[in-house]
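What follows is the residue order along each chain.
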Amino acid sequence: MLVSPQAERNWESLSLVLEDVLENQSHRQLSALELGSGTGQHVIRFAQKMPFVTWQPSDIKEESLESIKAYIAATHAKNVQQPVHLDASQPSEQWAGVSRDSCDVIVAINLLQYSSFKTAQGVFNGAGQVLKQNGLLMTYGVYAINGTITPSCNENLDAELRKLNPDWGLPDIDVLRQLAFGNGVRLERIIEMEDYFKCLIFRKT
Ligand SMILES: C[S@@+](CC[C@H](N)C(=O)[O-])C[C@H]1O[C@@H](n2cnc3c(N)ncnc32)[C@H](O)[C@@H]1O
């Protein structure tokens, strides 16, 4: 099982955000898709905290899929499906059989700054397709705002990411807002988190 210290630190605050935005729907059985699940720590914790949600984890890396499977087995999680290989940069018709209008929630944690703009395009295009009406997309990460990155630690993070891969870097909230809008998805809330991270809550309208 892979372990991410950052995921161990942030899962609880992320879970609180999700529990808050889904609170008024907790009487229903919801279906959630996680993109770029990584180790699987988040999805297991979310499943424990929100038993009314059935979670579908996914990633492009085989080692992540293996790690998620190991967490599912170790925790006997009932409301987490086996992980699927899903490349979020691809059209949603290629999203591992996730069908149109089938998801109440999509979660993408620390995905957008560690992937290319094509992935951001894929995430919002896919959200427009696979979310149900009024479904939610939550992205979590560090962002530029209107072309500006502050404070300096975030500028350094952006430079480090670009050094690792020239296609990576902090996505701009205004660019994401426009991408979302073009796909019938609206930015509804920006929630400040620890260490200048933010949760962006989008809704398919
Ligand atoms: C920085 S990690 C974050 C993992 C996890 N969400 C977390 O916060 O601990 C980024 C993850 O996104 C995955 N990823 C990168 N590009 C992707 C893509 N195009 N589609 C799906 N997953 C992708 C990587 O394999 C990696 O597991």
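It should be noted that the structure appears before, not after, this text.
Everything quoted here is computed from the prediction, not taken from an experiment. (Residues numbered from 1 in each chain as written. Predicted model: local features only at pLDDT ≥ 70, side-chain atom pairs only at ≥ 80, totals over all residues.)

Colleague: Is there a simple way to think about the nonpolar core in this case?
Modeller: Looking at soluble globular proteins, one finds that nonpolar side chains tend to be buried together. Formed by 46 residues in total, the largest nonpolar core has its most connected members in Leu35, Cys103, Ile106, Ala108, Ala127 and Leu137. If one sorts the elements of this core by residue count, strand E5 (residues 103–109) sits on top with six residues. In this structure, Val142, Tyr143, Ala144 and Leu170 belong to the second largest nonpolar core, which totals five residues. (Core = buried A, V, L, I, M, F, W, Y, C linked by C-beta atoms within 7 Å. Buried ≥ 20, exposed ≤ 12 C-beta atoms within 10 Å, placed from the backbone. Helix = DSSP H or I, 4+ residues; strand = E, 2+ residues; numbered from the N terminus.)

Colleague: Help me out: how do you make sense of the packing of helix H4 (residues 117–130) against helix H6 (residues 173–181) in this one?
Modeller: Two packed helices can be described by the angle between their axes and the distance between those axes. Two numbers describe how H4 lies on H6: the axes approach to 8 Å, and their chain directions differ by 40°. For the element pair H4 / H6, the angle class is oblique. Here H4 runs over H6; the crossing is right-handed. Between H4 and H6, the contacting residues are Ala120, Gln121 and Phe124 on the first element and Leu176, Leu179 and Ala180 on the second. Broken down by class, the residue content of the contact of H4 with H6 amounts to five nonpolar, one polar and no charged. (Axes fitted to C-alpha atoms, helices over the stretch in contact; angles between N-to-C directions. Parallel < 35°, antiparallel > 145°, perpendicular 65-115°, else oblique. Left-handed = near helix turned anticlockwise from the far one by under 90°. Contact = placed C-beta atoms within 7 Å. Nonpolar A, V, L, I, M, F, W, Y, C, P; charged D, E, K, R; others polar.)

Colleague: Help me understand the sheet that holds strand E7 (residues 185–192), please; the structure alone is not making it clear to me.
Modeller: Within a sheet, each strand pairs with its neighbour through backbone hydrogen bonds, oriented either parallel or antiparallel. One open sheet holds the six strands; their spatial order is E2-E1-E5-E6-E8-E7, and the pairing between them is mixed. Strand pairing shows two members of the sheet lacking a second neighbour, strand E2 (53–56) and E7, which therefore form its edges. On average, each strand axis in the sheet is inclined to that of its neighbour by 20°, with strand direction left out of account. With seven bridges connecting them, E7 and strand E8 (residues 198–204) associate as antiparallel partners. Within E8, the residue paired with isoleucine 190 across the bridge is leucine 200. Along the sheet face, helix H1 (residues 5–22) touches strand E1 (30–35), E5, strand E6 (131–141), E7 and E8 and points at about 160° away from the line of E6. (Pairing = 2+ DSSP bridges.)

Colleague: Sorry if this is basic, but what is going on with the site of the ligand here?
Modeller: Near the ligand you find 21 residues, and of these Gly36, Gly38, Ala88, Ile109 and Asn110 are the closest. The residue makeup of the shell around the ligand, split by class, is eight nonpolar, 10 polar and three charged. (Near = placed C-beta within 6 Å.)

Colleague: Explain the environment of alanine 70 to me, please; I cannot follow it from the model alone.
Modeller: Within the secondary structure layout, alanine 70 lies in helix H3 (residues 62–75). A sequence separation of 84 residues divides alanine 70 from asparagine 154, and the C-alpha atoms of the two residues are 33 Å apart.

Colleague: Hey, could you run me through the environment of alanine 74 in this one?
Modeller: Checked against the element boundaries, alanine 74 lands in helix H3. The class for alanine 74 is exposed, based on 11 C-beta atoms found within 10 Å. For the pair formed by alanine 74 and serine 26, sequence separation is 48 residues and the distance between their alpha carbons is 26 Å.

Colleague: What exactly am I supposed to notice about the pairing of E1 here?
Modeller: Residues in a regular strand point their side chains to alternate faces of the sheet. Pairing of E1 with E2, which is carried by four bridges, proceeds in the parallel orientation. Across the sheet, residue serine 31 finds its bridge partner in E2, namely threonine 54. Each parallel crossover has a hand, and the one from E1 via helix H2 (residues 41–49) to E2 is right-handed. Sheet topology note: the E1/E5 ladder contains four bridges and is parallel. Note on E5: the bridge partner recorded for leucine 35 is alanine 108. (Right-handed = clockwise from strand over helix to strand, strands pointing away.)

Colleague: Sorry, what's going on with the pairing of E6 here?
Modeller: Here E5 runs beside E6; their pairing, made up of six bridges, is parallel. Each bridged residue has a counterpart across the sheet, and for valine 105 the counterpart in E6 is leucine 136. With respect to chirality, the unit in which E5 leads through H4 into the neighbouring parallel E6 is right-handed.

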